[in-house]
Amino acid sequence: MMGGRVCVGLTARIKKGLAEILCVSSRVIIDRVMSEIMASLIRLRPHHLLCTQGYEGRGYSKEFVANMTAITARLRGEDKTSVQLVFSTDDICDACPQKLAEDLCARNDKMKLLDGKVCDYFALGEKQYIYQELVSEIKAKMTAAMMDDICGDCSWYSESACKDIIVCS
Ligand code: SF4
């Protein structure tokens, strides 16, 4: 559980990052996004357990980047964050221009394939996990061949640090 001072510090850092990304002066928007993210049980689809580790601040739109930055800042800044694994669109998808409807991405077949591979490799179910524990387990088991199999067709893969960050062995 986070102490109050740590929480305030993390919130301030995320707000600063969001303000820089969005280049807006309205603190009202940033405050609303942050309070929602800090208070919520984050829903993640399986392959986003990998994306949230490799994310470097780039994405499909300003709104996507702002949302992804806030979510990853919380996941990386806390010691124990409960997350709900969902076999559907998630809290990251919610700000993505590729999301067409609930459980429907513009590249649905590809995304479902990614999710399925992550679930199969790491025996994941649609339930709650502690994000940091799950990520440690994934990093301990992930090999370069597994990572290539899961993420090889992703357009971000060749130009991101995902593999360096996630594959330890
Ligand atoms: S809607 Fe599709 S492209 Fe967008 S974050 Fe979700 S899975 Fe990725």
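In the block above lies the structure referred to throughout.
As a starting point, this report considers the structure included with it. (Residues numbered from 1 in each chain as written. Predicted model: local features only at pLDDT ≥ 70, side-chain atom pairs only at ≥ 80, totals over all residues.)

This paragraph deals with the overall build of the protein. For the protein, the count of helices and strands is 8 helices and 5 strands. The contacts of the protein with a sequence gap of at least 6 include a subset with a gap of at least 24, amounting to 72%. (Helix = DSSP H or I, 4+ residues; strand = E, 2+ residues; numbered from the N terminus. Contact = placed C-beta atoms within 7 Å.)

All right, on to the site of the ligand then. The immediate surroundings of the ligand are formed by T89, I92, C93, C96, Q98, K99, C105, R107 and M111. Each residue belonging to the shell around the ligand can be placed in one class, and the counts come to 5 nonpolar, 2 polar and 2 charged. (Near = placed C-beta within 6 Å. Nonpolar A, V, L, I, M, F, W, Y, C, P; charged D, E, K, R; others polar.)

Tracing the chain through its elements places E126 in the loop between α5 (108-122) and β5 (128-130). We classify E126 as exposed; it has 12 C-beta atoms within 10 Å. The residues contacting E126, other than those within four sequence positions of it, are L85, V86 and F87. (Buried ≥ 20, exposed ≤ 12 C-beta atoms within 10 Å, placed from the backbone.)

Here the focus is the pairing of strand β2 (residues 82-85). Only one face of β2 is covered, namely the one carrying V83 and L85; the face carrying S82 and Q84 has none of its residues buried. Relative to β2, strand β1 (residues 42-44) runs parallel, the two sharing 3 bridges. Its bridge partner being in β2, L44 is matched across the sheet by L85. Here 3 bridges tie β2 to β5, and the two strands are oriented antiparallel to one another. Among the inter-strand pairings, Q84 is bridged to a residue of β5, identified as Q128. (Pairing = 2+ DSSP bridges.)

The next point concerns unusual backbone geometry. Even without a glycine there, the phi angle at D103 is positive, about 65°. Structurally, the position occupied by D103 is in the loop between β3 (99-101) and β4 (104-105). On the neighbour-count criterion, D103 (15 C-beta atoms within 10 Å) is partly exposed. Backbone geometry places A123, a non-glycine residue, at a positive phi of 50°.

It is characteristic of soluble globular proteins that their nonpolar side chains tend to be buried jointly. Formed by 23 residues in total, the largest nonpolar core has its most connected members in L50, V118 and I150. Sorting the residues of this core by element identifies α3 (48-54), α4 (62-77), β2, α5, α7 (144-151) and α8 (162-166) as the ones contributing at least two each. Counting residues per element, this core draws most heavily on α4, at 5 residues. Excluding anything up to four places from it in sequence, V118 contacts P46, H47, L49, L50, L124 and I150. (Core = buried A, V, L, I, M, F, W, Y, C linked by C-beta atoms within 7 Å.)

Right, let's get into the environment of E133. Mapped onto the elements of the fold, E133 is located in helix α6 (residues 131-141). C-beta crowding within 10 Å serves as the criterion here: with 11 such atoms nearby, E133 is assigned to the exposed category. E133 sits 54 residues away from D79 along the chain, and the two C-alpha atoms are 9.2 Å apart.

When you line up the elements, Y60 lands in the loop between α3 and α4. Separated by 36 residues in sequence, Y60 and C96 have C-alpha atoms that sit 6.7 Å apart. Excluding residues within four positions of it along the chain, Y60 makes contact with C96, P97 and Q98.

A few words now on the sheet that holds β2. The sheet built from 3 strands is open, its strands ordered β1-β2-β5 with mixed pairing. Each of the sheet's edge strands pairs with one partner strand only, and the pair in question is β1 and β5. Going across the sheet, the axis of each strand differs from the next one's by a mean of 40°, ignoring polarity. Contacts between α6 and the sheet are confined to β2 and β5, with β5 contributing the most and set at about 75° to the helix. (Axes fitted to C-alpha atoms, helices over the stretch in contact; angles between N-to-C directions.)

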